[in-house]
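Coordinates in review
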Amino acid sequence: MATFTERMGPVLLVWLAVCLGGTWAVDKGNFKTCEQSAFCKRQRAIKPGESPYRALLETMELTNTRLTLQLINDNNKVRLLLELYRLQGNITRVKINELKPLKPRYEVPDVLIREPPTEPLSLLSQDENGVVLSLGPESQRVIVSARPFRLDIVEGRDVLMSLNSRGLLGFEHLRMRKDTFSYKVTSTVASVWNNIKRVFSSSQADPEAENKEGADPANQDENTKEEEEKVEDGMWEETFKSHTDSKPNGPSAVSLDFSLPGVEHVYGIPEHADTLKLKTTDSGDPYRLYNLDVFQYELYNPMALYGGVPVMLAHNAQRTTGIFWLNAAETWVDISSNTAGKTVFGKMLDFVQGSSETPQTDVRWISESGIIDVFLMLGPTPRDVFSQYASLTGTQAFPPLASLGYHQCRWNYNDQEDVRSVDAGFDEHDIPYDFIWLDIEHTDGKRYFTWDPHKFASPKEMLQGLMDKKRKMVAIVDPHIKVDTNYKIHNEIRSRGFYVKNKDGGDYEGWCWPGSAGYPDFVRPDMRAWWASQFAYDQYEGAMENLYTWNDMNEPSVFNGPEVTMHKDALHGAWEHRDVHNLYGLYVHMATAQGLMERSGGVERPFVLTRAFFAGSQRYGAVWTGDNAAEWDHLKISIPMCLSLSLVGISFCGADVGGFFKSPSTELLVRWYQTGAYQPFFRAHAHLDTPRREPWLFGPENTALIREAVRQRYTFLPYWYQLFYLAYHTGEPVMRPLWVEYPQDPATFALDDEFLLGRDLLVHPVTEEGARGVTAYLPGKEEVWFDIHTFQKHNGGQNLYIPVTMSSIPVFQRGGSIIPRKLRVRRSSACMEHDPYTLYVALNNQRTAEGELYIDDGHTFNYEKKEFIHRRFSFSNNVLSSVDLEPGAQFTTKSWVERIIILGASKPSSITLKTADGVNQLEFDFDASMSVLTIRKPGMNAGADWTVTLQ
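Now for a quick tour of the structure.

Rules used in this analysis
Residues numbered from 1 in each chain as written. Predicted model: local features only at pLDDT ≥ 70, side-chain atom pairs only at ≥ 80, totals over all residues. Heavy atoms only, no water. Helix = DSSP H or I, 4+ residues; strand = E, 2+ residues; numbered from the N terminus. Expected span 1.5 Å × (residues − 1). Buried < 20%, exposed > 50% of the residue type's maximum accessible area, 1.4 Å probe, protein only. Disulfide = S-S within 2.5 Å. Contact = heavy atoms within 4.5 Å. Polar contact = N/O pair within 3.5 Å; in protein donor to acceptor, adjacent residues only side chain to side chain. Pairing = 2+ DSSP bridges.

Here we look at helix 17 (residues 717-730)
- For helix 17, spanning 14 residues, the distance from its first C-alpha to its last is 20 Å, which sits close to the expected 20 Å at 1.5 Å a residue.
- Buried residues dominate helix 17, accounting for 10 of its 14 residues.
- Inspection of helix 17 places Leu717, Pro718, Tyr719, Trp720, Tyr721, Gln722, Leu723, Phe724, Tyr725 and Ala727 among the buried residues, and these make up the whole buried set.
- Positioned one or two residues after helix 17, glycine 731 has a phi angle of 85 degrees, which is positive.

Take a look at the structure:
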């Protein structure tokens, strides 16, 4: 090992010099372009045209649950197997694999929550050109065309989606390398056998039959044909910078194109630091999905970042659909559009001149290995697509209430005294918080599951001090393990054979924060079970029930690896890392969340933050947008980045408040707190080399502004909690683009500087330096919106200019909604558990409103046993009532309703409250200038039935 360490020492020093030095910017040369990625270059070289694939209709088999059909590539005679399923909930699944692969190809496990239930397929018609199948609802059909192969999904007369309509299906079959000894032996034996067959068949064969056989290209000798295939650079070995990928299985890429008629707006495929609406890629690189540790990423480009969810949503005013490409290998996504680049005037001219060209977006997915396994989610509404995707990969984990509060973090709080001092600072300055975080320096020499024996000598004492204030801590646990024979975790993993292997079968080692490190093979269920067991209180020394976990660097990050990650020819049992790469972070997250659950006997909900993610990561906790910078554009990009994640199931998203790299101006810091307070995951974080930036270090005025933003967050915790309960139940995003609620309003389709929380709060943060005003689009021509600070009423369907000062956070409540808030802000969310509610009732033009309230214990899984309160509030005909949404549920609360504020109200002559205890008159105030009615001290229990009547 000494030799390796001597060799790698300079690499780490260079990496750290770049990280900690003054030049903070991504080195794009460390990361591949499509041109530098051999499989992407090969597949992208295939141009639209006639596909070489045709469907062999005579091989079709149709059962009650699936259709199977062979496809043949007329260029190389390789056959594929197409499987088509109609799934419950208006989803169609298409799988394409080799009919007889040389060895099994990787199919992604553990992402789907179950084998998706099917519904019957029925044959409507068939001829020599293709088959037509019924998909059941509303005359939906699948048309499979034979020559060339093409698949169309049609509803009525409308084509919803087409596959291989541009002829870009590509499937690189597994083959033997031609310059190997085993290939030469095999091909020689095959050749001899073919000659023997010819001798025997020529003496007795019917010449006519022989001609027929020869006419069918499917019967031609595949080995002979294969020899004619061109061998290109990068098929059997590929070098990038100083790293060589041995590619023992050769070329194995898959690709397929999808056409979306009538669509101009597509979204999703996070993670990219880009606009919400995805851009066309004709003039540059495709969007890349390959989980990477990208050092201070650039904005507005399609480079890969820390996570990848291969889900795209398409939307127009008539319909929303989705494509879920279930493949965990490196993936590139090309997008083209026939309306790209047209100006608004150009589109108007088309309309005036009666141009018949229908807008269309075409998408091509390219993955390095695996199979084609794609789920076509056919909507038709945004909510339907969310539900369809949730039925496949699950919903957002229901988080502990405290994790929706404010989190204070930096790399690093120095020692226990530093933690105590920062904790006291929040009390001294009357700023609430729930979690304080420890980065890698808290460990004993970057050995995870340990504490620095000098700086954190008594962690339980520290944790108890936080617990006494009803606060919590998060400590980092990364998945690279220091190679050190004095380190228990390393010794156990090595002795159990749990490390990822290199291509030669030895333990894979790379360079990360501890120096030389091994990488546990989280693809193995037994490794994940062992990892989970290490969070038990008798294993993780110093841990207590208020200590939670942060998984960073889990792409995985390998400082001296190709593209700062693991070599693709590393081995996870029978599979190469190239097959599973984008799953690694999901598996780390999964095992960690499992460990936090198991340590409490399955009673307590976990909280785990991850940097790397994949489809299904929503089931295990929260995600943040990685190592951003203290720049205004990074503040702005946090909105579309989190919206993109929300659309693909990951609701618990946030960005480092203030920016991780560099030092924010006080104005930027304040604006970031104001923005972060209205994003799902609310955490400040900063780099080791930046000046301290606790909220009270920027003068009394800025401290007051930050305090107010954080306190606003805490007043809305009941609403946040209810939204996360809804996300857990339905898959609907917490933070959502406006088009989700206003799907027929084209003005909302590309908006990404404002957003909705649930249906009822619209937020337009101030993200411009020196701003004196912002223009917010208030959607819904029939809607009204109320400024939550002034109660000013505004009509929907307009762009509203809002003058702003440094204290302004433009937020509006939708008319027709009722939002419960807690206005008595204390030092942490747990301290507010029994505090009373204020109901904000915002009336619409019909003078009605409705809303919900969800209450449980805030931290256990007892809600699964129906231990919760779920109420519906409704206001109509001057009566406000609270009814039980879950009569079978049982829970009690000490909280009561201390105030009701009705916006857009008229002055009543009297107000009565009716409860099980009788009828009482209530006191009220009415502000005629703002039409605001305040009902004081109604006093009913938050879990009770009641009605308030305005006379």
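Things to note about the state of the cysteines
- Taken as a whole, this structure holds 2 disulfides when the rule is applied.
- Residue pairing for cysteine 34: its cysteine sulfur links by disulfide to cysteine 40, the two sulfurs lying 2.0 Å apart. On the S-S bond that ties cysteine 34 to cysteine 40, the torsion sits near -100 degrees, and the link is left-handed.
- Disulfide pairing places cysteine 642 opposite cysteine 653 at an S-S distance of 2.1 Å.

Describing the environment of phenylalanine 398
- Here phenylalanine 398 lies in the loop between helix 7 (382-393) and strand 21 (406-408).
- The buried category is assigned to phenylalanine 398, whose relative accessible area is 4%.
- The spatial distance from the C-alpha of phenylalanine 398 to the C-alpha of threonine 361 is 35 Å, given a sequence separation of 37 residues.
- In this view, phenylalanine 398 contacts Arg605, Tyr721, Phe724, Tyr725, Tyr728, Tyr854, Asp856 and Tyr863; residues no more than four positions away in its chain are not counted.

Quick word on the side chain of arginine 683
- Here arginine 683 shows up in strand 34 (residues 682-684).
- Residue arginine 683 is classed as buried on the basis of its relative accessible area, which comes to 0%.
- Side chain to side chain, arginine 683 and aspartate 656 meet in a polar contact 2.8 Å long.
- Not counting chain neighbours up to four residues away, the residues in contact with arginine 683 comprise His407, Cys409, Trp437, Trp550, Leu609, Trp624, Ala655, Asp656 and Val657.

What about the sheet that holds strand 36 (residues 755-757)?
- The strand order across the open sheet formed by 6 strands is 35-36-37-42-39-40, and the pairing between neighbours is antiparallel. What marks the edges here is a single partner per strand, and that holds for strand 35 (735-736) and strand 40 (793-795).
- As judged from the 3 bridges shared by strand 36 and strand 37 (residues 761-763), these two strands associate in the antiparallel manner. Each bridged residue has a counterpart across the sheet, and for phenylalanine 755 the counterpart in strand 37 is valine 763.

From the geometry alone we can't say anything about function, so treat these as descriptive.
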